[in-house]
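Okay, here's what each chain looks like letter by letter:
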Amino acid sequence: MQCKNCDQTIQDDHSYCPHCGQKSDVTRLNFKQLMKDIWIAFSNTDEGFLLLVKELVYKPGKVARAYVSGRRKHYFNPFSYLAIMVAIALFFILRFESYGIDYSQMKTQDLEFLRFAFQYFNLFIFFMCPVYALVIWIFFLGNQLNYAENLVLSAYLGGQNMLYYIVAITIFIFIPSSINVLGLIIGLIITIWYIMAILQFYAKRSFWSIMKAILVIVIFQIASQGMIRFAYSVYRISVLN
Ligand SMILES: [Zn+2]
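The structure presented is a predicted model; accordingly, all values stated were derived computationally and were not measured. (Residues numbered from 1 in each chain as written. Predicted model: local features only at pLDDT ≥ 70, side-chain atom pairs only at ≥ 80, totals over all residues. Heavy atoms only, no water.)

Some words on the coordination of the zinc ion
Short version of the rule: Distances decide who is a donor: an N, O or S atom must be within 2.8 Å of the metal, or within 3.2 Å for Na, K and Ca. Water is not included, so sites may look incomplete. Here a helix means four or more residues in a row that DSSP labels H or I, a strand means two or more in a row labelled E, and each is numbered from the N terminus. Only protein chains enter the calculation, and the probe is 1.4 Å; a residue is then buried if its accessible area is under 20% of its type maximum, exposed if over 50%, and partly exposed in between.
Within the protein, the zinc ion binds to Cys-3 (SG), Cys-6 (SG), Cys-17 (SG) and Cys-20 (SG); these donor distances fall in the range 2.3 to 2.4 Å. Spacing between the donor residues of the zinc ion along the chain follows C-x2-C-x10-C-x2-C. Of this pair, Cys-6 sits in the segment before helix H1 (31-43) while Cys-17 sits in the segment before H1, placing them eleven residues apart in sequence. For Cys-6, a relative accessible area of 28% translates into the label partly exposed. The class of Cys-17 is buried, set by a relative accessible area of 3%.

What to know about the environment of Ser-209
Just so we agree on the cut-off: We call two residues in contact whenever any of their non-hydrogen atoms come within 4.5 Å of each other.
Tracing the chain through its elements places Ser-209 in helix H9 (residues 207-240). By relative accessible area, Ser-209 is classed as buried at 4%. Spatially, the C-alpha atom of Ser-209 lies 7.2 Å from that of Leu-199, the residues being ten residues apart in sequence. Ignoring any residue separated from it by four or fewer positions in sequence, one finds Ser-209 in contact with Phe-140, Leu-199 and Lys-204.

Considerations on the nonpolar core
For the record, the criterion: Here, nonpolar core refers to any group of buried Ala, Val, Leu, Ile, Met, Phe, Trp, Tyr and Cys residues whose side-chain atoms link them within 4.5 Å.
Counting residues in hydrophobic clusters, the biggest one holds 61 residues, and the most contacted among them are Leu-52, Tyr-81, Phe-121, Tyr-132, Ile-136, Tyr-156 and Ile-198. Within the residue set of this core, elements represented by two or more residues are helix H2 (49-58), helix H3 (60-68), helix H4 (78-99), helix H5 (108-119), helix H6 (121-139), helix H7 (147-174), helix H8 (179-201) and H9. Contact partners of Tyr-156, with chain neighbours within four places excluded, come to Leu-52, Leu-56, Val-63, Ala-64, Tyr-67, Tyr-75, Phe-76, Asn-77, Pro-78 and Tyr-81.

Now the structure itself:
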């Protein structure tokens, strides 16, 4: 048999050309095949995007660990995932801004801060991803996982967190009165999910590890609040001058 891409001879039992990597059973192009090729070119995975979304719900740390350990084609790239989910979340947030918020009861400075947070939402998420990875990495030093590998975990968690935001925002738009109670419940679930992810990623279950994971979340929360406030004050100074 001859490869249709590079014309080298290949054995009949090979499903891929050993010279160029093309599939040996390439047939005439049809619409279904074309769609599949576009999807693979775009996602660089064999499995779907939805598989990743689903698995990140109940085993986020294991997914990140599997990717780090070499399952690079099975799972959607973590950084593409983060970028796509942030783009989708931003779309929802801009909707929420026009429907869901009662601006009339807000103080001017709160309103300004909220506008700022919405406007720079995506930049902020991208900026916090490496910071979050850094906090986890420092707390779990000596566990044979380097900073780049922690960055994979952080990107997957950040991307998936966007999905939770979207779900929360959708509920808030339809039931505005639920914002306080539901906000608290969703916040709590996401926090537990983050702790679970860290423990899964490091394959730890001890009391001390759980305490460290909780501390990571607390520190990250304080750091991110501090950073967005700091960014806002810098922004205000630069706007006023
Ligand atoms: Zn070939």
